[in-house]
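# Structural description and commentary
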Amino acid sequence: MLDAKIPAGPLDDKWVDYKGHCKLVNPANKRKLEVIIVGTGLAGASAAASLGELGYKVKAFCFQDSPRRAHSIAAQGGINAAKNYQNDGDSVFRLFYDTIKGGDYRARESNVHRLAEVSANIIDQCVAQGVPFAREYGGLLSNRSFGGTQVQRTFYAAGQTGQQLLIGAYQALERQVALGNVKMYSRHEMLEVVKIDGKARGIIARDLVNGTLERHFGHAVLLCTGGYGNVFYLSTNAMGSNVTAAWKAHKKGAAFANPCFTQIHPTCIPVSGDHQSKLTLMSESLRNDGRIWVPKAQGDNRKASEIPEEERDYYLERRYPAFGNLVPRDVASRAAKERCDEGYGVGTSKQAVYLDFSAAIIRYGKIEAGKEGRDDVAEAEIITMGKEVVKEKYGNLFDMYEKITGENPYEVPMRIYPAVHYTMGGLWVDYELQTNVPGLYCLGEANVSDHGANRLGASALMQGLADGYFVIPYTLGNSLADEIYAKAIETTHPAFEAAEKEVSDRINKLMSIKGNQTVESFHKRLGKIIWEKCGMARNEKGLKEAIAEVQALKKEFWSDVKIPGEINEMNPELDKANRVADFIELGELMCIDALNRNESCGGHFREEYQTPDGEALRDDANYMYVAAWEYKGESNWELNKEPLVYDVIKPTQRNYK
Amino acid sequence: MEHYHMNLNLKVWRQKNCKTKGEFKLYRVENISSEMSFLEMFDVLNEQLIRDGDDPITFDHDCREGICGACSMYINGKPHGPWQANTTCQLHMRAFKDGDTVVVEPWRADAFPVIKDLMVDRSAFDRIIQAGGYISVNTGNAVDGNSLPIPKDDADASFAAAMCIGCGACVAACKNSSAMLFLSAKVSHLALLPQGNPERKSRVMNMVAQMDKEGFGACTNTGACEATCPKEISLSNIARLNQEYLMAGLTEK
Ligand SMILES: Cc1cc2nc3c(=O)[nH]c(=O)nc-3n(C[C@H](O)[C@H](O)[C@H](O)COP(=O)(O)OP(=O)(O)OC[C@H]3O[C@@H](n4cnc5c(N)ncnc54)[C@H](O)[C@@H]3O)c2cc1C
Ligand code: SF4
Ligand code: FES
């Protein structure tokens, strides 16, 4: 049985009480305790910096050449916090409520409430570090709104919020490196967890520059390794994002929860051809000002500019008048797919819808003219003024769109289509962010997070930093307080020996296959299976087929993959092969999880379970649980259920109409 | 936008590791779509090399959307290639035409040793940040974010400098391999904010000292860095850096 270790007491008091009563480690003892942190994105860098400051001996690992390049850097739109600076009725409770509802009632109340509580501290911390958030002319912080909410609580730095937050955390981390509290291992990939007497006590990492395997001991191991969206091959994730660290932990006993909860983001640049290696997001913040539409007629081949207003279908505004273009992501993505499947799509591929800024440009232009007290401004000048405002808000996104597509979105509407973006599933963790393997913690996107079956925009950055800055410093101490007499274990211990051998055997096996098909080609095929059968819409038949196909693909991979080069050198193809092998296994579990969940909720849409007007149909009586899968051997998992208990919020059908 | 296909001749720097000498090798790629990114064209080439039993070309990349700073190719004599304000990963093949020859090299600077082929070691940048590129504030020490109003212009100017992605193109473009644009961007980001004030002097002194130690060259104001920077980091930051450095030197006890 999994114990979520939720503290007793009223929801509002849980975290305060926990902090007041958890065990502490005194400074002299902290210096004797070693902590391994794998991953230095927002979650890992903030944890490494904070734990280093507290005096723990930290070793941090990332596969990029510098922690500053973690995938968090790419987050665009913003970060939520219940500051209520706009006086528009926001509060900790409302952020908590929106997150639970947005997640379609599949997240744990206690964790989400804590997240909302610490959200305000994150903004303060980042400002103090020098994160240059957008500001108003009065010098105060500016906010924007994001999907799934009706208040303005999103803090941002143009379209580069993740970059600025990560640079802040990276700088705090580098400061600890300089002070000698953190040792940083860049271009290192963790390939195994070392367990001794049931506890996580270290890792095996590979130095990617020369291929050497290294053993590292820690009194605790924190995995902050990001999401697994690249199982779909095409996603908005960075090329190197992978599931390997979490998967290795899973195979060593850590339960993997809700793997089928993946988020398809509604506004991405459509696929342009077979050469496509990744997809690019156009931030959700664009939905504040852009209107989404398709032609009212099927198969309309006219240019956007030739389609008159009355022949356009603003389908989100039509279907969801209360939230309009700002419905949550899962709802917006499915609506786009529905229109395209029905033959209303645009562009050459017909797998796209328009995101149009012309109305916003005119609206802003008029406001600008109004500010100057002029009411005689010609339309052309209004448009010029409006474009300036739009540029100030979204300039970098528009530039990026133009670089990729060669089209100017100030003049013609953007073409967008949903793409894989985020994974709500991940390693199961309790209230303390500890997995069911003692000593093994998981933070950030890699854990089964606070977002249930669907994440609201601007909440991942919040969660990553909450976990790293404000949660783990307390919860880790609570168990390390019992470890102060535990001496560091020599890495000559047989468990290290065995784990290293496991890794080297696996690498040798991969290299010795010497087959005919490239790693990339396997990854593409895997992605196609998962996208088509476990993507935006799923059904029993497709999932069963997918499971068989993935199993067959796995066999083929292990008998016919072709990896060039040597083991003891920089060899990106080998690194990729290691990752793809794990993605294949994860793909199978995703389909099993999706097949098990006979309901639709959030990002998990089972075609068999929908309302007459095509909305997701939840089954709270039977599926109000976290599905935590334990690995029992090849293609064999055991399901553990963590029931979700709603003490404060009463689950209802989500309604954005 | 009209799409087209092209065949290209590539002249690519190959080097096994930092201890061996490198050389240019010639490759041909065919039927490349103008819609591909430059790195997707390299993906095609690498798949081809693997199938032919050759060693694929190693290069750094990750986000492929111009923000992580990993990609770093010196293309036809320009870091990140021909487009203005652009990274290698965001360069698209419509920048080239059928029959073109494209020469691709790694960043070249003593402080950035080659790891393999087009991949170099830029950890010197991390060490420069370690020398002082931060505000010393521990987690939990912060006051309310709005307790310190910052004029919008200052915040915007700070942000403009903070946009640096740490790619190192400025160094690669500079005939002296100077890292002044990178360093000045960080110094400006922090010096323009009131939070950065207390450590202003020590920061600039320590970071400059580290830069010199890493073996980057001196700045002779040629402006090649600004012209090549994908984030359009302005030369005025270098002027600010010089000023900060001078002030710090004058008032040092
Ligand atoms: C394009 C895009 C835009 C987004 N925009 C927003 C937004 O506006 N607002 C928002 O809230 N969220 C946004 N998100 C989501 C958010 O960015 C991520 O969920 C979040 O940044 C993840 O942070 P992380 O620290 O958990 O992981 P990451 O930043 O992915 O970091 C993972 C770390 O783990 C390391 N690592 C992984 N595997 C290994 C291994 N085996 N060995 C060693 N190291 C390893 C990596 O090197 C890296 O350091 C966006 C996501 C994308 C893709
Ligand atoms: S200043 Fe420009 S060129 Fe230099 S590292 Fe920063 S972004 Fe790259
Ligand atoms: S790959 Fe990230 S900037 Fe080019």
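Since the structure is predicted, the reported quantities are computational estimates derived from the model, not experimental observations.

So, how was this worked out
Residues numbered from 1 in each chain as written. Chains lettered and ligands numbered in written order. Predicted model: local features only at pLDDT ≥ 70, side-chain atom pairs only at ≥ 80, totals over all residues. Heavy atoms only, no water. Contact = heavy atoms within 4.5 Å. Buried area = accessible area lost by both parts, 1.4 Å probe. Salt bridge = Lys/Arg side-chain N within 4 Å of Asp/Glu carboxyl O. Polar contact = N/O pair within 3.5 Å; in protein donor to acceptor, adjacent residues only side chain to side chain. Helix = DSSP H or I, 4+ residues; strand = E, 2+ residues; numbered from the N terminus. Nonpolar A, V, L, I, M, F, W, Y, C, P; charged D, E, K, R; others polar. Domains from an automatic or database assignment. Axes fitted to C-alpha atoms, helices over the stretch in contact; angles between N-to-C directions. Parallel < 35°, antiparallel > 145°, perpendicular 65-115°, else oblique. Buried < 20%, exposed > 50% of the residue type's maximum accessible area, 1.4 Å probe, protein only. Phe/Tyr/Trp six-rings, centres within 6.5 Å; stacked < 30°, edge-to-face > 60°. Core = buried A, V, L, I, M, F, W, Y, C linked by side-chain atoms within 4.5 Å. Pairing = 2+ DSSP bridges. Near = heavy atom within 4 Å.

Turning our eyes to something else, we now look at the interface of chain A and chain B. Contacts between chain A and chain B engage 75 residues on the former and 74 residues on the latter. When the buried surface of chain A facing chain B is broken down by residue, A:Arg69, A:Arg135 and A:Lys403 rank first, second and third, together holding 12% of it. The tally of links from chain A across to chain B stands at 7 salt bridges. Of the charged contacts, one joins A:Glu569 and B:Lys116 as a salt bridge, the two residues approaching to 3.9 Å between their closest N and O atoms. Our enumeration of links across chain A and chain B arrives at 45 residue pairs in polar contact (both at pLDDT 80 or more). Where the side of chain A that touches chain B is concerned, the elements lending two or more residues are helix H3 (42–54), helix H5 (109–129), helix H6 (161–178), helix H11 (379–405), helix H12 (460–480), helix H14 (519–533) and helix H16 (572–596) of chain A. A per-element tally of the side of chain A that touches chain B places H6(A) first, with 9 residues. Its residues assigned to classes, the side of chain A that touches chain B shows 30 nonpolar, 26 polar and 19 charged.

Once that is clear, we can look at the domain arrangement of chain A. Residue and element names in this part refer to chain A. We note that the domain assignment places domain 1 (267–420) and domain 2 (494–623) within chain A. Contact residues are listed per partner, giving 10 residues for domain 1 and 11 residues for domain 2. Around 800 Å² of area is buried between domain 1 and domain 2 when both sides are counted, 59% of it from carbon and sulfur atoms. The interface formed by domain 1 and domain 2 includes 1 salt bridge. When contributions to the side of domain 1 that touches domain 2 are tallied by element, the ones reaching two or more residues are helix H9 (329–341) and strand E15 (414–423). Its residues assigned to classes, the side of domain 1 that touches domain 2 comprises 4 nonpolar, 1 polar and 5 charged.

The next thing to look at is the packing of helix H13 (residues 494–513) of chain A against helix H15 (residues 540–560) of chain A. Two quantities define a packed helix pair, namely the angle between the axes and the distance from one axis to the other. Residue and element names in this part refer to chain A. As a packed pair, H13 and H15 sit with axes 6 Å apart at the nearest point and diverge in direction by 80°. By the angle between their directions, the pair H13 and H15 is classed as roughly perpendicular. Of H15, the residues touching H13 (which contributes Arg506, Lys509, Leu510 and Ile513) are Phe557, Trp558, Ser559 and Asp560. Partitioned by chemical class, the residues of the contact of H13 with H15 number 4 nonpolar, 1 polar and 3 charged.

Residues and elements named next belong to chain A. The phi dihedral of Asn84 falls on the positive side, at around 50°, and the residue is not glycine. With respect to the helices and strands, Asn84 occurs in the loop between strand E3 (79–80) and helix H4 (92–102). The exposure class assigned to Asn84 is partly exposed, which follows from its relative accessible area of 29%. You will see that Arg187, though not glycine, has its phi angle at about 45°, which is positive. Relative to the elements of secondary structure, Arg187 occurs in the loop between strand E5 (182–185) and strand E6 (188–196). Judged by relative accessible area, which is 8%, Arg187 ranks as buried.

Residue and element names in this part refer to chain A. On inspection of all chains with the given rule, the structure shows 33 aromatic pairs over all chains. Between Trp15 and Tyr431, the ring centres sit 6.2 Å apart and the planes meet at 70°, which makes this aromatic pair edge-to-face. Of this pair, Trp15 sits in helix H1 (residues 11–21) while Tyr431 is found in the loop between strand E16 (426–427) and strand E17 (440–442), placing the two residues 416 residues apart along the sequence. The exposure class of Trp15 is buried, given its relative accessible area of 2%. Between Phe522 and Phe557, the ring centres sit 5.3 Å apart and the planes meet at 80°, which makes this aromatic pair edge-to-face.

Before going further, it helps to spend a moment on the nonpolar core. Grouped together as the largest cluster of nonpolar side chains are 238 residues, with contacts concentrated most on A:Ile37, A:Ile79, A:Phe133, A:Leu222, A:Leu223, A:Phe557 and B:Phe216. Counting 27 residues, the second-largest nonpolar core is a separate cluster that includes B:Ile32, B:Leu39, B:Cys71 and B:Cys89.

Further remarks concern the sheet that holds strand E8 (residues 213–217) of chain A. Residues and elements named next belong to chain A. Reading across from one edge, E6-E7-E8 is the order of the 3 strands in this open sheet, with antiparallel pairing throughout. Of all strands in the sheet, those with a lone pairing partner are E6 and E8, marking the two edges. Across the sheet, the mean angle separating the axes of adjacent strands is 25° when strand polarity is ignored. Here 5 bridges tie strand E7 (residues 199–207) to E8, and the two strands are oriented antiparallel to one another.

All names here are of chain B. In the vicinity of ligand 2 there are 13 residues, among which Cys164, Cys167, Gly168, Cys170 and Cys229 approach most closely. At the level of secondary structure, the elements contributing two or more residues to the shell around ligand 2 comprise helix H4 (169–173) and helix H5 (180–191). When grouped by side-chain class, the residues that make up the shell around ligand 2 number 11 nonpolar, 2 polar and no charged.

Let us look at the domain arrangement of chain B. Residues and elements named next belong to chain B. Examined at the domain level, chain B breaks down into domain 1 (5–115) and domain 2 (123–251). On a C-alpha basis, the centres of domain 1 and domain 2 stand 29 Å from each other. Taken together, the 17 residues of domain 1 in the interface contact 20 residues of domain 2. Of the roughly 1300 Å² buried where domain 1 meets domain 2, counting both sides, 60% is carbon and sulfur surface. Looking only at domain 1, the three residues that lose the most surface to domain 2 are Ala85, Ala111 and Phe112, adding up to 33% of its buried area. Our count for the domain 1 to domain 2 interface comes out at 0 salt bridges. Taken together, domain 1 and domain 2 are joined by 3 residue pairs in polar contact (both at pLDDT 80 or more). When the residues that make up the side of domain 1 that touches domain 2 are grouped by side-chain class, the tally is 9 nonpolar, 6 polar and 2 charged.

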